[in-house]
Amino acid sequence: KTMENFLSENPQEPGFEIDGRMRYLLDYVAGGLVLLNSVVMLLEFEMEGNANAKKIGIADASDQAWNDSVPIFRALDVSFVVVFFLEWVVRIYLDREKFIL
């Protein structure tokens, strides 16, 4: 039923137009945020790998920029957690009748 409403030009559910557009927009925004979070995680893993390489003595000591960015990555991690939690809350609100048992 949901896919039929999504594909049809005249959905049958009342309020579908507003809720449907919100879900559509939310899907794209959440997808973009997941992609951005993946890039941040990739950079964070690179930073951690560089730090481990320094510990065992196989890396340059000249890469001080990674050490300075640790608080930035922690703040980004917390920000993504908060944003994804808010996205979850909005999805529950939009699908409230389907979400409640």
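Residues numbered from 1 in each chain as written. Predicted model: local features only at pLDDT ≥ 70, side-chain atom pairs only at ≥ 80, totals over all residues. Heavy atoms only, no water.

1. With respect to the overall build of the protein
Across its full length, the protein carries five helices and zero strands. Secondary structure of the protein in N-to-C order comes out as α-α-α-α-α. The buried share of the protein, taken over its 101 residues, is 17%. The contacts of the protein with a sequence gap of at least 6 include a subset with a gap of at least 24, amounting to 56%. As presented, the protein carries roughly 8,000 Å² of accessible surface, and 67% of it is formed by carbon and sulfur atoms. (Helix = DSSP H or I, 4+ residues; strand = E, 2+ residues; numbered from the N terminus. Buried < 20%, exposed > 50% of the residue type's maximum accessible area, 1.4 Å probe, protein only. Contact = heavy atoms within 4.5 Å. Areas by Shrake-Rupley, 256 points an atom, 1.4 Å probe, with all protein chains shown as cover.)

2. Let's talk about a nonpolar patch on the surface
Taken together, the side chains of Val-78, Val-82, Phe-85, Leu-86, Trp-88, Val-89, Phe-99 and Ile-100 make up a nonpolar region of the molecular surface, amounting to roughly 810 Å² of accessible area. Checked against the element boundaries, Ile-100 lands in the segment after α5 (96-99). (Patch = residues over 30% accessible without salt bridge, like charges linked within 9 Å, V, L, I, M, F, W, Y side chains within 5 Å. Salt bridge = Lys/Arg side-chain N within 4 Å of Asp/Glu carboxyl O.)

3. A closer look at the side chain of Asn-37
Of note, Asn-37 is situated in helix α2 (residues 16-56). Note on Asn-37: relative accessible area 14%, which makes it buried. When sequence neighbours within four positions are dropped, the list of residues in contact with Asn-37 reads Phe-80 and Phe-84.

4. Concerning the side chain of Glu-87
Tracing the sequence through the fold places Glu-87 in helix α4 (residues 70-94). For Glu-87, a relative accessible area of 18% puts it in the buried group. Glu-87 has contacts with Leu-26 and Ala-30, leaving out every residue within four places of it along the chain.

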